[in-house]
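# Observations on the three-dimensional arrangement
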Amino acid sequence: MNDDRRFPDDPAGPFPEPPQTFTDREGRDIEIRPFEEGDKEPLVSMYVDFDPADRAQGIPPATEYRVRDWVETLTGGDGLNVIAWNDDDVAGHATLVPDGNSSYELAIFVHQDYQRAGIGSHLIRTLLGYGRAQDIDKVWLTVERWNRAAVNLYRNVGFETADAESFELEMVLRL
């Protein structure tokens, strides 16, 4: 946890608030809405079916038991969560987790069947709009520097690189 993390002075955005509906690049109707308690089982199912090759920094966990515990931690605390739905299927999930320093860590996961269809960008933007509406001011994330698609996505949304000294980039944004 980095207490001296520097955030930009100017806010990024604007960002839309959930719910949001759009058609992805594959022609699928996607709805992004805040997590509700009844969403837990479909969310767990998405993560259990998650391609191990798409795991980064050890998440999501690999076993159903650990996935359930992890989802409970993400959805049971003071964080914010949005889910992208294609009918009854979870296409993706994004979360803002408080870090104890008045800022929030962002994590996003798009199921392999829905990647490269524009869902990640919508998920992040909608989560950030939700965060702003809940008076969240500072958001950060880490990303493996070789993950160019993710780095470009985060930059396009408005994140700036704060620390690039390891194999991960730390990126920051002010809402």
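Higher on the page you've got the structure.
None of these values were measured; they are calculated from a predicted model. (Residues numbered from 1 in each chain as written. Predicted model: local features only at pLDDT ≥ 70, side-chain atom pairs only at ≥ 80, totals over all residues. Heavy atoms only, no water.)

What follows deals with the packing of helix H3 (residues 119-133) against helix H4 (residues 148-157). Put simply, H3 and H4 touch, their axes get as near as 10 Å, and they point 40° apart. The angle between H3 and H4 falls in the class oblique. H4 is crossed by H3, and the crossing has right-handed handedness. Along the contact surface, H3 presents Gly120, Ser121, Ile124, Arg125 and Leu128, while H4 presents Leu153, Tyr154, Asn156 and Val157. (Axes fitted to C-alpha atoms, helices over the stretch in contact; angles between N-to-C directions. Helix = DSSP H or I, 4+ residues; strand = E, 2+ residues; numbered from the N terminus. Parallel < 35°, antiparallel > 145°, perpendicular 65-115°, else oblique. Left-handed = near helix turned anticlockwise from the far one by under 90°. Contact = heavy atoms within 4.5 Å.)

Backbone geometry follows two general trends: most residues other than glycine have a negative phi, and most peptide bonds adopt the trans configuration. Residue Pro14 is bonded to the preceding Gly13 through a cis peptide linkage, with omega at 10°. Along the chain, the position of Pro14 falls in the segment before strand S1 (20-23). With an omega dihedral of 0°, the bond running from Pro18 to Pro19 counts as a cis peptide bond. For Pro19, the position within the fold is in the segment before S1.

Tracing the backbone shows Ile136 in the loop between H3 and strand S6 (138-144). According to the relative accessible area criterion, Ile136 is buried, its value standing at 6%. Linking Ile136 and Ile124, residues twelve residues apart in sequence, is a C-alpha distance of 14 Å. Residues contacting Ile136, with those up to four places away along its chain left out, are Leu80, Leu96, Tyr104, Gly131 and Leu175. (Buried < 20%, exposed > 50% of the residue type's maximum accessible area, 1.4 Å probe, protein only.)

Looking now at helix H2 (residues 64-76). Compared with the 18 Å implied by 1.5 Å per residue over 13 residues, the 18 Å span of H2 between its first and last C-alpha is a close match. All of the buried residues along H2 are Val67, Trp70, Val71, Leu74 and Thr75. Seen from one end, H2 has its buried residues packed into an arc of 120°, which puts them on one side. Of the exposed residues in H2, the ones pointing more than 90 degrees away from its buried face are Tyr65, Arg66, Thr73 and Gly76. Its buried side turned inward, H2 meets helix H1 (40-48), strand S3 (80-86), strand S4 (89-98) and strand S5 (104-110). (Expected span 1.5 Å × (residues − 1). Arc of directions from axis to C-beta.)

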